[in-house]
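Here is how the chains run, residue by residue.
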Amino acid sequence: DQQVKQNSPSLSVQEGRISILNCDYTNSMFDYFLWYKKYPAEGPTFLISISSIKDKNEDGRFTVFLNKSAKHLSLHIVPSQPGDSAVYFCAARRKGAQKLVFGQGTRLTINP
Amino acid sequence: GAGVSQSPRYKVAKRGQDVALRCDPISGHVSLFWYQQALGQGPEFLTYFQNEAQLDKSGLPSDRFFAERPEGSVSTLKIQRTQQEDSAVYLCASSPDRGNQPQHFGDGTRLSIL
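Predicted, not measured: the structure shown is a model, and the values here were computed from it.

1. Some details on the overall build of chain A
The number of helices and strands found in chain A is zero helices and eleven strands. In chain A, the succession of α and β elements from N to C terminus is β-β-β-β-β-β-β-β-β-β-β. In terms of overall dimensions, chain A is globule-like: its C-alpha atoms have a radius of gyration of 13 Å, near the 13 Å expected for 112 residues. By its C-alpha atoms, chain A is 40 × 30 × 20 Å across when sized along the principal axes.

And the structure:
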């Protein structure tokens, strides 16, 4: 059973515009959420995280929003740049556990 | 280097052979994780160490998979009698402690079983 879902396999956005990547989860025991970015032949690189006690966390061009009632989080990238083209993974960790549960990923393409 | 280092980057083995994959975590990181990533999927948890103690091995798919971290630093993931379904990228990650700290990943070992 897929506890973390990224329903959009791919997303294409024009350079300079906002990219919005979405993630849904089913386990209400998740209390820490992360976004990773992955280039081909490299490991995932940590981007930004959010604890369940918050509903927003911002770091430069990246903002993560958490809606606990909807069990939904999103990553906003603004403005989008060509170097943002990569696969983005949403991940979640259950309270008291250490392992991360990942979504299937969304391939983001930024068009010039 | 300052990041997580994995070796080899690529490994090709014949079905039935044993393989060993190595992970050097970031210096001082207490926690170490192994994940398996199939093509087109997200990473899936295999096992977790806190220092030398293996605290969670619930994700290991069979008893052919074995991991160790004898001195609380370098870790080895061993797969015995490999099968074609073991073909995947094996990722290692480390983090400083048990708090809300992100896991930092290595570039992985791509394992191909012929």
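So, next bit.
2. Comments concerning the layout of surface pockets
Here the largest pocket defines a volume of roughly 590 Å³. As for the largest pocket, its lining consists of 29 residues, and the residues nearest its centre are Lys 38 of chain A together with Gln 37, Ala 38, Leu 39 and Gly 40 of chain B. Per element, the largest residue contribution to the lining of the largest pocket is three residues, and it comes from strand S11 (residues 109–113) of chain B. Taken together, the residues that form the lining of the largest pocket break down as eleven nonpolar, twelve polar and six charged. Roughly 360 Å³ of internal volume is contained in the second largest pocket. Along the walls of the second largest pocket sit 20 residues, with Val 101 and Phe 102 of chain A together with Pro 43, Glu 44 and Phe 45 of chain B positioned nearest its centre. Of all the secondary structure elements, the ones that give two or more residues to the lining of the second largest pocket are strand S10 (101–102) of chain A together with strand S5 (44–50) of chain B. Of all the elements, S5 of chain B adds the most residues to the lining of the second largest pocket, at three residues. Grouping the constituent residues of the lining of the second largest pocket by class yields eight nonpolar, nine polar and three charged.

3. Here we look at empty space enclosed by the protein
For the structure shown, the criterion picks out one cavity of 30 Å³ or more. Taken as a whole, the largest cavity holds about 50 Å³ of empty space. When its residues are assigned to classes, the lining of the largest cavity shows four nonpolar, four polar and two charged.

4. A look at unusual backbone geometry
The amide bond that connects Val 78 of chain A to the next residue, Pro 79 of chain A, takes the cis arrangement and shows omega of -10 degrees. Along the chain, Pro 79 of chain A falls in the loop between strand S8 (72–77) and strand S9 (86–94). Note that the residue after Ser 7 of chain B, namely Pro 8 of chain B, is joined by a cis bond; omega there is -10 degrees. One can find Pro 8 of chain B in the loop between strand S1 (5–7) and strand S2 (10–13). For Lys 71 of chain A, which is not glycine, the phi dihedral falls at a positive 50 degrees. Within the secondary structure layout, Lys 71 of chain A lies in the loop between strand S7 (62–67) and S8. Lys 71 of chain A gets classed as partly exposed once you look at its relative accessible area, which sits at 25%.

Rules and cut-offs
Residues numbered from 1 in each chain as written. Chains lettered and ligands numbered in written order. Predicted model: local features only at pLDDT ≥ 70, side-chain atom pairs only at ≥ 80, totals over all residues. Heavy atoms only, no water. Helix = DSSP H or I, 4+ residues; strand = E, 2+ residues; numbered from the N terminus. Rg over C-alpha atoms; globule rule 2.2 N^0.38 Å. 1 Å grid on protein atoms, 1.4 Å probe; cavity = no way out; pocket = protein on both sides within 12 Å on 5 of 7 lines; lining within 4 Å. Points joined across faces, edges and corners; volume = space filled by probe spheres on them. Nonpolar A, V, L, I, M, F, W, Y, C, P; charged D, E, K, R; others polar. Buried < 20%, exposed > 50% of the residue type's maximum accessible area, 1.4 Å probe, protein only.

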